[in-house]
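Structure at a glance
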There are 2 protein chains.
Amino acid sequence: MIVKDLLDPLPPPGPDESLETLLSRGDVRFERIVSTGQASPPGFWYDQAETEVVVLLAGAATLRFADGDRLIALRAGALVEIPAHARHRVEATQADPPTVWLAVFFP
Amino acid sequence: MIVKDLLDPLPPPGPDESLETLLSRGDVRFERIVSTGQASPPGFWYDQAETEVVVLLAGAATLRFADGDRLIALRAGALVEIPAHARHRVEATQADPPTVWLAVFFP
């Protein structure tokens, strides 16, 4: 059984995003991602074999989806389903206070 | 593809908790629960066949687990894994502002 405060403590700030697997049960995996201004590299697109559901717990971010060149601005409380193989990238994340994502991956 | 703000709008206040299925994909189900002071009835214990992971997005709540008679106080940002058949109950939820839960169920 896992009990964890996802907002406190946060990892010390660094150049890279912080990624922590919170739990992994069968085919379902929960991760916490803490972003401090990072974005996907120019021209990079995620193309994932799993479905991912992200929930923004703090901060702000902008996702871009290749399909329709759709931009989605997210604030705390936003949930986005990213279907498998939906090409997307992170355009921007708020640095301070940090942006905290919960990501759930499943087949 | 689902894009939803879980914190705005909230359902109109009422006597009961609000429960909304956000998405259901294969064996994995995401629900939003909005509580406004409700608690489990006296003597009632949940005993669920699925694993449930809850994340508190707003408000505050207290869970009780039968095993060890463990009380867990939750604030926004808290994640709790409730394994299948872990008997538990909701002792209290903050009414105002409302308590918003994201619940993820899977086998």
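Residues numbered from 1 in each chain as written. Chains lettered and ligands numbered in written order. Predicted model: local features only at pLDDT ≥ 70, side-chain atom pairs only at ≥ 80, totals over all residues. Heavy atoms only, no water.

Quick word on the sheet that holds strand β5 (residues 60–65) of chain B
Residues and elements named next belong to chain B. Sheet architecture is open: three strands sit in the order β6-β5-β8, paired in antiparallel fashion. Two strands close off the open sheet at either side, each with one partner strand: β6 (70–75) and β8 (88–93). If you compare each strand with its neighbour and ignore which way they point, the axes differ by 25° on average. (Pairing = 2+ DSSP bridges. Helix = DSSP H or I, 4+ residues; strand = E, 2+ residues; numbered from the N terminus. Axes fitted to C-alpha atoms, helices over the stretch in contact; angles between N-to-C directions.)

Some details on the side chain of A:Thr99
All names here are of chain A. For Thr99, the position within the fold is in strand β9 (residues 99–106). Polar side-chain contacts of Thr99 include one of 3.0 Å to the backbone oxygen of Ala60. Reaching out from Thr99, the side chain makes a polar contact with the backbone oxygen of Gln94 at a distance of 2.8 Å. Setting aside residues no more than four positions away along its own chain, Thr99 makes contact with Ile33, Val34, Ser35, Leu56, Ala58, Gly59, Ala60, Ala61, Thr93 and Gln94. (Polar contact = N/O pair within 3.5 Å; in protein donor to acceptor, adjacent residues only side chain to side chain. Contact = heavy atoms within 4.5 Å.)

A short note on the confidence of the model for chain A
It should be kept in mind that the predicted coordinates are not to be read in detail where pLDDT is low. Scored by pLDDT, chain A has a mean of 97; 100% of the residues are at 70 or more. Taken over the whole predicted complex, pTM reads 0.97, whereas the ipTM for its chain interfaces reads 0.96. (pLDDT = per-residue confidence, 0-100.)

Points about the relation of the copies chain B and chain A
Superposing chain B onto chain A takes a rotation of 180° plus a shift of 0.0 Å along the axis, which leaves an RMSD of 0.0 Å. In short, the pair behaves as if placed about a two-fold rotation axis. Within chain B, the C-alpha atom positioned nearest to the axis of rotation is that of B:Leu57, 3.5 Å from it. Counting the interface residues of chain B, we find that 100% of their copies in chain A are interface residues as well, pointing to one common contact surface. (Least-squares fit on C-alpha atoms with pLDDT ≥ 70 in both.)

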